[in-house]
Amino acid sequence: MYQNGGGCEWAAVAVESGIVERAYPILLDVSRRPVVIIGGGRVAARKARGVIEAGARVVRVVSPEIGPEMPDSVERIKESYRPEHLHGAGAVFAATDNSEVNRAIVEDAHRLGLLVNRADSDENEPGDFTVPALLREGELLVTVSTGGSPALAATIRDALRERLDPNWALMATAMKELRPRILDSGWPIEKRREAFRLLASVEAIAMLERDGIDGLWAWMIGMIVR
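Let me sum up the structure you'll find in this document. Note that residues are indexed from 1 along each chain, following the sequence as it is written. Residue-level local features of this predicted model are given only where pLDDT is at least 70; pairs of side-chain atoms are given and counted only at 80 or more, and the full residue set underlies all totals for whole chains, interfaces and linings. Side-chain calculation: all heavy atoms of the structure are included, whereas hydrogens and water are not.

**Examining the packing of aromatic side chains**
Then, number 1: Pairing of aromatic rings covers Phe, Tyr and Trp, the last counted by its six-membered ring, and requires centre-to-centre distances within 6.5 Å; plane angles under 30 degrees mean stacked, over 60 mean edge-to-face, and any other angle means tilted. For the structure shown, the criterion picks out two aromatic pairs.
Then, number 2: Ring plane angle 85 degrees and centroid distance 5.5 Å describe the contact between Phe93 and Phe129, whose orientation is recorded as edge-to-face. Linking Phe93 in strand S4 (residues 91-94) with Phe129 in the loop between strand S5 (116-118) and strand S6 (133-137), this pair joins segments that are 36 residues apart in sequence.
Then, number 3: When accessible area is computed with a 1.4 Å probe and restricted to protein chains, residues below 20% of their type maximum are described as buried, those above 50% as exposed, and intermediate ones as partly exposed. Assessed through its relative accessible area of 6%, Phe93 is described here as buried.
Then, number 4: Each ring, one from Trp187 and one from Trp217, has its centre 6.0 Å from the other, and the planes form 15 degrees; the classification is stacked. Placement of Trp187 in the loop between helix H4 (166-183) and helix H5 (189-199) and of Trp217 in helix H6 (residues 202-225) is noted, with a sequence separation of 30 residues between them. Like Trp217, Trp187 is buried.
Then, number 5: The ring of Trp217 carries Arg181 above its face, with NZ or CZ at 5.2 Å from the centroid. Helix and strand labels come from DSSP, where a helix needs a run of H or I of at least four residues and a strand needs a run of E of at least two; each type is numbered from the N terminus. We call a charge positioned above a ring when the Lys NZ or Arg CZ atom is no farther than 6 Å from the ring centre and deviates by at most 35 degrees from the ring normal.

**A closer look at the environment of Ala119**
Then, number 1: Within the fold, Ala119 resides in the loop between S5 and S6.
Then, number 2: The exposure class of Ala119 is buried, given its relative accessible area of 19%.
Then, number 3: Remark: the alpha-carbon pair of Ala119 and Ala44, spanning 75 residues in sequence, is separated by 8.6 Å.

Written out as C-alpha cells, the structure reads:
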C-alpha cells in the first residue's frame, strides 16, 4: 500500500482529488475529529500535512511502508489495511496506490457512516468529499474546485493569489478578535448584523490598516450608535 504517486507540491496547499457526483461546500473542523489516512506515500503525506495545518490533533496513518515525507507527529500503524483501522475515525482518507484497497476503504467507511476522501478517481465507488486547491493567508482561506481537474483548480488558485489584497487577510485576522466583541456587545441582532456589514466594507479595511483594531472598533461603534 505504499503510495508512490507523483504530482506537484505546493507549500500549505492541498489539491483536490477523487470525484464526487454532487458536492456541497463546507469547512470541516478537524481539530476534534480523529483523522485516519490509509497509505504511506507522498499523497498520503500531503493529506496528513493538510489536516495538521488545519488543526487536526489526532492523525493516524496506516500502511506497511511509510515514506520519509510523512510528518513526524502522526501516529503510525505499519500494517496492511483492515476495516478495524477505521474504528473511532472522524474522517478517512483512502490514499494508497491500490485501487481495490481504496475501494474497500470507501465501502467500509460508508458502512460505518464515516466521511471518506478517495485519492484516486472511481466513478463507481467515489468518496464523499474532495480536497480543493487551497490558498491560505493567515485567517483568510480561499478554495477552488473544478469538478475533477486538479491542474485547472491550481491554475485558478494561483491567478487569485496574484489578485489578493493583503488587507483582506489583515481584516480576516482582526475578525477573530472583533467577532466576539460584537457577539458580546448586547446589541440587538439588527445592530450586530450592521456591524458585520460595516467591517466588510472597503472603508473599514482602510481604517484597520491606518488605525489598527482599536481605532477600527471605535469607528464602527460611532457608526452603529449614531
